[in-house]
Amino acid sequence: MPLLLYFVAPEQAPDFAAKGVGDAAVQYAAAEGLRCYYSEFAATENAATAALQFHRVIQQALHRGPVIPFRYPTVVRNADALREPLVQRGARFRAHLADHAGHVQMEVRLRLTAQTRPQPQTVSSGAAYLRQRAEAMRVLDRAAETCRESAPALEWRRRDSGDMVRCYFLVDRTQSAAFPDRLRAIQLPEQVTAIVSGPWPPMEFLEDEGD
Amino acid sequence: MATSSSNVVVLGGSGDDEPSLLDILDHVLNAGVVIHGSIVISLAGVDLVYLGLNAVLTSVETALRHLESHTP
């Protein structure tokens, strides 16, 4: 029976009972001082609903303690297969869960407003479009720096994705509720929209093992 | 000219916008540990986790039908 993997948690994680994708019971297998949570996976009629159910399981677990989620959908063939990532990466997972037991990740997506986003069809030349785009990125860069300097965070990461800048903030769990209000107090350029979300598991701060 | 917080949208929490389906899908499909190797179920030799949004949402069901049809 295929198994859908949800997340990894410490071996001493609080008991956790939930219905997962397709209302399947979420269970766990233990190895290497860790728990790997999974459910039996069956085809669903609505894949988007399934992804939402997956998301809710992760959020419920995150509310109780540190977790390392798998990317959705990670499906393995059987119970033996689900222990393999614990064996291969157990040390890295244990270190991350211990180091970030009291942390969560808040995210800010920065985009130019629709009216100020460069549009190829409105400029006279390709060069003009590129100049507009470069200026647009400078505006986003300034907004990202303003967020980084003003938002309370232990660490900060940034990823550029097309015409959007994603900022990731590692914050103490106890500060996550106040984080959005701190963002609201920041003076951002009027050409920029900021979308704040979280808390999420601090996956951007999982150290790369170089594979 | 800088403005106040009217251009900041907060998803989740009381009185704020709820995360949209797209926001959630964007997160669960792009974040999280990726498993390499043979334990990942593949479809036509392609690891499911590397497929794009639309392909993933349809390929899981396709992969399961494929598995079920080959199970004795």
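What you see is a predicted model, and the numbers here were worked out from it, not measured in a lab.

Reading the values: the criteria
- Residues numbered from 1 in each chain as written.
- Chains lettered and ligands numbered in written order.
- Predicted model: local features only at pLDDT ≥ 70, side-chain atom pairs only at ≥ 80, totals over all residues.
- Heavy atoms only, no water.
- Buried < 20%, exposed > 50% of the residue type's maximum accessible area, 1.4 Å probe, protein only.
- Helix = DSSP H or I, 4+ residues; strand = E, 2+ residues; numbered from the N terminus.
- Pairing = 2+ DSSP bridges.
- Core = buried A, V, L, I, M, F, W, Y, C linked by side-chain atoms within 4.5 Å.
- Contact = heavy atoms within 4.5 Å.
- Salt bridge = Lys/Arg side-chain N within 4 Å of Asp/Glu carboxyl O.
- Axes fitted to C-alpha atoms, helices over the stretch in contact; angles between N-to-C directions.
- Parallel < 35°, antiparallel > 145°, perpendicular 65-115°, else oblique.
- Left-handed = near helix turned anticlockwise from the far one by under 90°.
- Nonpolar A, V, L, I, M, F, W, Y, C, P; charged D, E, K, R; others polar.

(A) Region of interest: the pairing of strand S5 (residues 103–112) of chain A. All names here are of chain A. Of all ten residues in S5, nine are buried, a share of seventy percent or more. Judged from the nine bridges that link them, S5 and strand S7 (residues 164–172) form a sheet pairing that is antiparallel. Paired with Glu-107 across the bridge in S7 is Tyr-168. In the sheet, S5 pairs with strand S9 (residues 192–200) via seven bridges, with the strands oriented antiparallel. Bridge pairing in S9 links Glu-107 to Ser-197.

(B) Fine view of the nonpolar core. Residues and elements named next belong to chain A. With 52 residues, the main nonpolar core has Tyr-6, Phe-7, Tyr-72, Val-108 and Leu-110 as its most contacted residues. Ranked by residue count, the leading element in this core is helix H1 (residues 47–64), at eight residues. Every residue in contact with Phe-7, bar those within four places of it in the chain, is listed here: Phe-16, Arg-35, Cys-36, Tyr-37, Val-57, Ile-58, Ala-61, Val-67, Ile-68, Pro-69 and Phe-70.

(C) Structural context of the pattern of salt bridges. Residue and element names in this part refer to chain A. Applying the stated criterion across every chain yields a total of eight salt bridges over all chains. Across the salt bridge formed by Arg-184 and Asp-181, the nearest N and O atoms sit 2.8 Å from each other. With Arg-184 and Asp-181 both in helix H4 (residues 179–184) and three residues apart, this pair spans about one turn of that helix. Residue class for Asp-181 comes out partly exposed when judged on its relative accessible area of 48%. Each member of the salt-bridge network shares a partner with another, and the members are Glu-135, Arg-138 and Arg-142.

(D) Structural context of the sheet that holds S9(A). The strand order across the open sheet built from five strands is S6(A)-S7(A)-S5(A)-S9(A)-S2(B), with neighbouring strands paired in mixed fashion. At either margin of the open sheet sits one strand with a lone partner, and together these are strand S6 (155–161) of chain A together with strand S2 (8–10) of chain B. Across this sheet, the average inter-strand angle for adjacent strands is 20°, counted without regard to direction. Set on the sheet, helix H3 (residues 126–150) of chain A makes contact with S5, S6, S7 and S9 of chain A; between it and S5(A) the angle comes to about 150°.

(E) Structural view of the sheet that holds strand S1 (residues 3–10) of chain A. Residue and element names in this part refer to chain A. Here we have four strands laid out as an open sheet, ordered S2-S3-S1-S4, and antiparallel in their pairing. Among the strands making up the open sheet, the edge pair consists of strand S2 (27–31) and strand S4 (68–76). Taking the axes of each pair of neighbouring strands and ignoring which way they run, one obtains an average angle of 25° across the sheet. Contacting S1 and S4, H1 crosses the sheet at an angle of about 15° to S1.

(F) Region of the structure containing the environment of Glu190(A). Residues and elements named next belong to chain A. With respect to the element layout, Glu-190 can be found in the loop between strand S8 (188–189) and S9. Relative accessible area serves as the criterion here: at 48%, Glu-190 is assigned to the partly exposed category. In sequence terms Glu-190 and Thr-113 are 77 residues apart; their C-alpha atoms lie 8.3 Å from each other.

(G) Local environment of the packing of H1(A) against helix H1 (residues 21–30) of chain B. The contact between H1(A) and H1(B) brings their axes to 10 Å, and the two run at 70°. If you check the angle between H1(A) and H1(B), you find them roughly perpendicular. In this structure, H1(A) meets H1(B) at a crossing whose hand is left-handed. Where H1(A) approaches H1(B), its residues Ala48(A), Ala51(A), Leu52(A), Phe54(A) and His55(A) are matched on the opposing element by Leu21(B), Ile24(B), Leu25(B) and Val28(B). Among the residues making up the contact of H1(A) with H1(B), the classes are represented as eight nonpolar, one polar and no charged.

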